[in-house]
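Results of the structural survey
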Amino acid sequence: MTQAIYNNASTVIRIPATLNKLIVEIEKLDWYSAKTESLGDMYEGLLEISTMVQLMKPRLDDAMVDPAAGTGGFLISAHHYINQHNDVESLKSCHSCR
């Protein structure tokens, strides 16, 4: 089903009227009354990203790349992981590191 949904998907909007319609429709959404199931699906996706990051165990000297770069969720999760597992604050005041 997911494949059918994203089949022929495009991230480029070439017709200004299409972009306008998209914005108008998004503004109509009542985000505060979103069904919990849908929010659960979004959080589940974020948990999968966090699991990938925990398995990778990124280090301070690793270069992070998120080729899909949709929501930036991978980079954000990697950032949180590095902050949790390192004393990043001490690096900010390290004069010999500059």
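See the structure above.
As the structure is a computational prediction, the values presented were derived from the model and not from experiment.

Our focus in this paragraph is the overall build of the chain. For the chain, the helix and strand inventory stands at five helices and zero strands. Mapped in sequence order, the helices and strands of the chain form the string α-α-α-α-α. Residue burial in the chain is summarised as follows: out of 98 residues, 11% are buried. Look at the contacts in the chain between residues 6 or more apart in sequence, and 35% of them connect residues 24 or more apart. Total accessible area on the chain is roughly 8,900 Å²; 59% of this is exposed by carbon and sulfur atoms.

Enumeration according to the criterion identifies four salt bridges in this entry. Salt-bridge contacts for K21 lead to E25; the nearest nitrogen and oxygen are separated by 3.9 Å. With K21 and E25 both in helix 2 (residues 16–28) and four residues apart, the pair spans about one turn of that helix. Judged by its relative accessible area of 52%, K21 is exposed. Since its relative accessible area comes to 34%, E25 is described here as partly exposed. Overlapping salt bridges bring together K21, E25 and K28 as one network.

At K57, a residue that is not glycine, the phi angle is positive and equals roughly 50°. Position of K57 among the secondary structure elements: in the loop between helix 3 (36–56) and helix 4 (73–85). For K57, a relative accessible area of 53% puts it in the exposed group.

Calculation criteria
- Residues numbered from 1 in each chain as written.
- Predicted model: local features only at pLDDT ≥ 70, side-chain atom pairs only at ≥ 80, totals over all residues.
- Heavy atoms only, no water.
- Helix = DSSP H or I, 4+ residues; strand = E, 2+ residues; numbered from the N terminus.
- Buried < 20%, exposed > 50% of the residue type's maximum accessible area, 1.4 Å probe, protein only.
- Contact = heavy atoms within 4.5 Å.
- Areas by Shrake-Rupley, 256 points an atom, 1.4 Å probe, with all protein chains shown as cover.
- Salt bridge = Lys/Arg side-chain N within 4 Å of Asp/Glu carboxyl O.

None of the figures reported here should be taken as evidence of function without further support.
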